Amino acid sequence: MKPAVTDNKTSPYLSLLVAYSKNRVIGSGGKIPWNLPSERNRFKSLCSKKFILMGRKSFEEIGHGLSYCTIIIISKTLKTAPEKCLLAENIEEAIKLASSKNSSEILIAGGAEIYKQTLPRAAKIYATEIDAEFSGDSYFPELDKGWLKKEGESFTENGINYRYVTFTRS
């Protein structure tokens, strides 16, 4: 599958937005296993005025629509969309829905299966690499050598060291 990189302004490209630990954990029991308020602020900044695709379980971690973005929940079981959200049965339907709204970039925000399915099509990854190991049951996939990594700022919050990095296709 080719990355969803585009040459024109009418087709959006896919970017993944993720925070993961040294052992690639992204979740445990449907919850994020760390508390980093600055990371939530970064999420808000990157998602502002964009379409965010996420699976039902990832949405349940948030629990409600967000005023600064449009969440498209990918679910085969939900029958009605929560307030301020849209609903799609699969990734293709979600991408078409966001594309029809003239979005230039669509962000993928979890969970593990959604990341796995969209990674081959992604053009960019906005990652927070957490310099600690956590127990969990949900993991971010390994990246192949086709990704270039650009280091960003490093922080310490609540005793946890982490850094922002951006990956782009080489």
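Here the structure is a predicted model, which is why all the values come from computation and not from measurement.

**Re unusual backbone geometry**
For the bond from Gly 110 to Gly 111, the omega torsion is 0 degrees, close enough to zero to count as cis. Mapped onto the elements, Gly 111 comes out in the loop between β6 (105-108) and α4 (112-118). Within the chain, Asn 158 stands out as a residue other than glycine whose phi angle is a positive 50 degrees. Note on placement: Asn 158 falls in the loop between β9 (147-157) and β10 (160-169). Asn 158 gets classed as exposed once you look at its relative accessible area, which sits at 52%.

**As for the packing of aromatic side chains**
Under the counting rule described, the total for this entry stands at 6 aromatic pairs. When the ring of Tyr 20 is compared with that of Phe 140, the centres are 5.3 Å apart and the planes differ by 5 degrees; the resulting orientation is stacked. Here Phe 140 lies in the loop between β8 (138-139) and β9 and Tyr 20 lies in strand β1 (residues 13-21), a separation of 120 residues in the sequence. Under the relative-accessibility criterion, Tyr 20 is labelled buried at 4%. Measuring from centroid to centroid gives 5.1 Å for Tyr 115 and Phe 140, while their planes differ by 80 degrees, and the two rings are edge-to-face. With a gap of 25 residues between them, Tyr 115 in helix α4 and Phe 140 in the loop between β8 and β9 connect regions that are remote in the sequence. For the pair formed by Tyr 115 and Phe 140, the shared burial category is buried. An aromatic cluster of at least three residues, connected via ring pairs, comprises Tyr 20, Tyr 115 and Phe 140. Sitting over the ring of Tyr 20, Arg 24 keeps its end group 4.7 Å from the ring centre. Positioned above the aromatic ring of Tyr 164, the side-chain terminus of Arg 42 is 4.0 Å from the ring centre.

**Considering the layout of surface pockets**
Quantified by volume, the largest pocket comes out at close to 1200 Å³. Around the largest pocket, the lining comprises 40 residues; the ones closest to its centre are Ser 58, Glu 61, Ala 109, Gly 110 and Gly 111. Taken together, the elements giving at least two residues each to the lining of the largest pocket come down to β1, β2 (25-27), α1 (37-47), β3 (51-55), α2 (56-62) and α4. In the lining of the largest pocket, the residues fall into 18 nonpolar, 12 polar and 10 charged.

Each value, and the rule that gives it
- Numbers given for residues are sequential positions, taken from 1 along each chain in its written order.
- Predicted model: local features are reported for residues with pLDDT of at least 70 only, side-chain atom pairs are reported and counted for 80 or more only, and whole-chain, interface and lining totals are derived from all residues.
- In computing side-chain properties, one takes all heavy atoms of the structure into account and sets aside hydrogens as well as water.
- Only DSSP runs of H or I reaching four residues or more are called helices, and only runs of E reaching two or more are called strands; each is numbered from the N terminus.
- Residue exposure (1.4 Å probe, protein chains only): buried if accessible area is under 20% of the type maximum, exposed if over 50%, otherwise partly exposed.
- In this scheme Phe, Tyr and Trp rings, the latter by its six-membered ring, pair at centre separations within 6.5 Å, and the angle between planes marks the pair as stacked below 30 degrees, edge-to-face above 60, and tilted otherwise.
- Geometrically, a lysine NZ or arginine CZ counts as sitting over a ring once it is within 6 Å of the ring centre and also within 35 degrees of the ring normal.
- Any residue with an atom within 4 Å of a point lines the site, the site being either a cavity, points on a 1 Å grid over the protein atoms alone where a 1.4 Å probe fits but cannot get out, or a pocket, an open set with protein on both sides within 12 Å along at least 5 of 7 lines.
- Grid points are joined across faces, edges and corners, and a volume is the space filled by probe spheres set on the points.
- Residue polarity is assigned by list, with Asp, Glu, Lys and Arg as charged and Ala, Val, Leu, Ile, Met, Phe, Trp, Tyr, Cys and Pro as nonpolar; anything else, Gly included, falls into the polar class.

By themselves, these figures tell us nothing about what the structure is for.
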